[in-house]
Amino acid sequence: MALAAREKDGVRFFVFEELETLGGIVHAFSTRRGGTSPLPTEDLNLGFSRLDAAENVRENRRRFFRALGQEATLVTLRQLHGDSVALVGRAHLGQKRPVADAAVTGEPGIFLGIETADCLPTLLVDPSRRVVASAHAGWRGTVKEVARKTVEKMKAEFGTAPGNLLAAIGPSIGACCYEVGPEVIEACRRHLPSPELFFSRWKEGKAHLDLVAANCWQLEQAGLRPERILAARRCTACDRENFFSYRRDGPTGRLLAVVGFI
Ligand SMILES: [Zn+2]
């Protein structure tokens, strides 16, 4: 498993070489490098919010897709930390964003986008059916098993065999920086089997949660082969040079994970 940095015209992003060499598929995890947003300077903020001018975000998205060598035929979601999985396609371009935390498409030339600033973006690729999916999970999405439900949606809509899937988990807040309180720990205990596997560094009722491990486990439960689950294990909060982090900085810009067949 090799996560590799790529840079084009100052725009930096990460890819998994295993997916890059697959052919016919484009995926990337953005960084904050190479943009035009003052967050504080030249940041590649790819999510619309009150923090940044819409024209900056549009320009940043243009730069990002130019660096990928693709048209920006992007469908993003109105993410609510839930478990809805939207089936999307060309009809969604330029329309209101579907309200969901995961998306599936079988249409080539459509890029699914997940916005994050610590949460975990998961991209799923079914090379034999030429179907892709994307999912957004913080602790709420993890407890609601949005990753497993995304695999279920691919099975239901396209007949995907989970054993054929490749999963790519992008940069997200690591267990190193993700201390959570009793409310989160209790929710995990109620909804995840063996939740203790995903916590460490217990102290005064708090503990550090490993979102990557929990989501890898869920994907395996959904039928994915462990060797086909690629995880970046890059902590957004530790790496200020490359990533936005809500936990580190409070309200800030958004990273974008994208995937699509071309
Ligand atoms: Zn960290």
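Quantities reported herein were computed from a predicted structural model and do not represent experimental measurements.

Comments concerning the packing of aromatic side chains
And step 1. The tally for this structure, following the rule as stated, stands at seven aromatic pairs.
And step 2. Taken together, a centroid distance of 5.7 Å and an interplanar angle of 75° make the contact between Phe64 and Phe65 edge-to-face.
And step 3. Exposure remark for Phe65: the relative accessible area of 1% places this residue in the buried category.

Focus: the pairing of strand β11 (residues 166–169)
And step 1. The alternating pattern of β11 places Leu166 and Ala168 and Ala167 and Ile169 on opposite faces, both of which are buried.
And step 2. The pairing of strand β9 (residues 120–126) with β11 spans four bridges and is classified as antiparallel. The partner of Val125 across the bridge, within β11, is Leu166.
And step 3. As paired strands, β11 and strand β15 (residues 229–231) are joined by three bridges and run parallel to one another.

Topic: helix α5 (residues 182–191)
Two residues of an α-helix separated by three or four positions point the same way, owing to the 3.6 residues in each turn.
And step 1. For α5, the full list of buried residues reads Val184, Ile185, Ala187 and Cys188. Down the axis of α5, the smallest arc covering the buried residues is 160°, so these residues share one side. For α5, the exposed residues set more than 90 degrees away from the buried face come down to Pro182, Glu183 and Arg190.

Describing the coordination of the zinc ion
And step 1. The protein atoms donating to the zinc ion are Cys176 (SG), Cys177 (SG), Cys235 (SG) and Cys238 (SG), with metal-donor distances spanning 2.3 Å.
And step 2. Seen from the zinc ion, its four donor atoms lie at angles of 101 to 118°, and the figure they make is tetrahedral.
And step 3. Donor residues binding the zinc ion come from one chain and are separated in sequence as C-C-x57-C-x2-C. Pair noted here: Cys177 is in the loop between β11 and β12 (179–180) and Cys235 is in the loop between β15 and α7 (246–249), with a separation of 58 residues, a long-range link.
And step 4. Overall, Cys177 belongs to the partly exposed group, its relative accessible area being 26%.

Let's talk about the environment of Gly82
And step 1. Relative to the helices and strands, Gly82 resides in the loop between β5 (74–75) and β6 (85–87).
And step 2. Taking the C-alpha atoms as reference points, Gly82 and Glu145, separated by 63 residues in sequence, lie 9.2 Å from one another.
And step 3. With sequence-adjacent residues up to four places away left out, Gly82 is seen in contact with Asp101, Gly141, Lys144 and Val146.

Section: the nonpolar core
And step 1. Leu124, Trp139, Leu209, Leu219 and Leu224 are the most contacted members of the largest nonpolar core, which has 42 residues in total.
And step 2. In terms of residue count, the dominant contributor to this core is helix α6 (residues 211–221) (six residues).
And step 3. Residue contacts for Trp139: discarding those within four places in its chain leaves Tyr178, Glu183, Val184, Ala187, Leu209 and Leu211.
And step 4. Judged by nonpolar contacts, the second largest core, of 29 residues, contains Ile25, Phe29, Ala86 and Ala100.

Concerning the pairing of strand β2 (residues 11–16)
And step 1. Within β2, six of the six residues are buried, which leaves the element mostly enclosed by the surrounding structure.
And step 2. Residue alternation in β2 divides its side chains into two sets, Val11, Phe13 and Val15 and Arg12, Phe14 and Phe16, and both sets are buried.
And step 3. The sheet contact formed by strand β1 (residues 3–8) and β2 spans six bridges and is antiparallel. Following the sheet pairing, Leu3 is matched in β2 by Phe16.
And step 4. Linkage of β1 to β2, two consecutive antiparallel strands, is achieved through a turn of two residues, within which Asp9 is found at a positive phi near 50°.

Scoring rules and cut-offs
Residues numbered from 1 in each chain as written. Predicted model: local features only at pLDDT ≥ 70, side-chain atom pairs only at ≥ 80, totals over all residues. Heavy atoms only, no water. Phe/Tyr/Trp six-rings, centres within 6.5 Å; stacked < 30°, edge-to-face > 60°. Buried < 20%, exposed > 50% of the residue type's maximum accessible area, 1.4 Å probe, protein only. Helix = DSSP H or I, 4+ residues; strand = E, 2+ residues; numbered from the N terminus. Pairing = 2+ DSSP bridges. Arc of directions from axis to C-beta. Donors = N, O, S within 2.8 Å, 3.2 Å for Na, K, Ca; no water. Tetrahedral: all angles 85-135°; square planar, octahedral: opposite > 155°, others 65-115°. Contact = heavy atoms within 4.5 Å. Core = buried A, V, L, I, M, F, W, Y, C linked by side-chain atoms within 4.5 Å.

Note that every value here comes from positions in space, so none of it alone points to a role or purpose.
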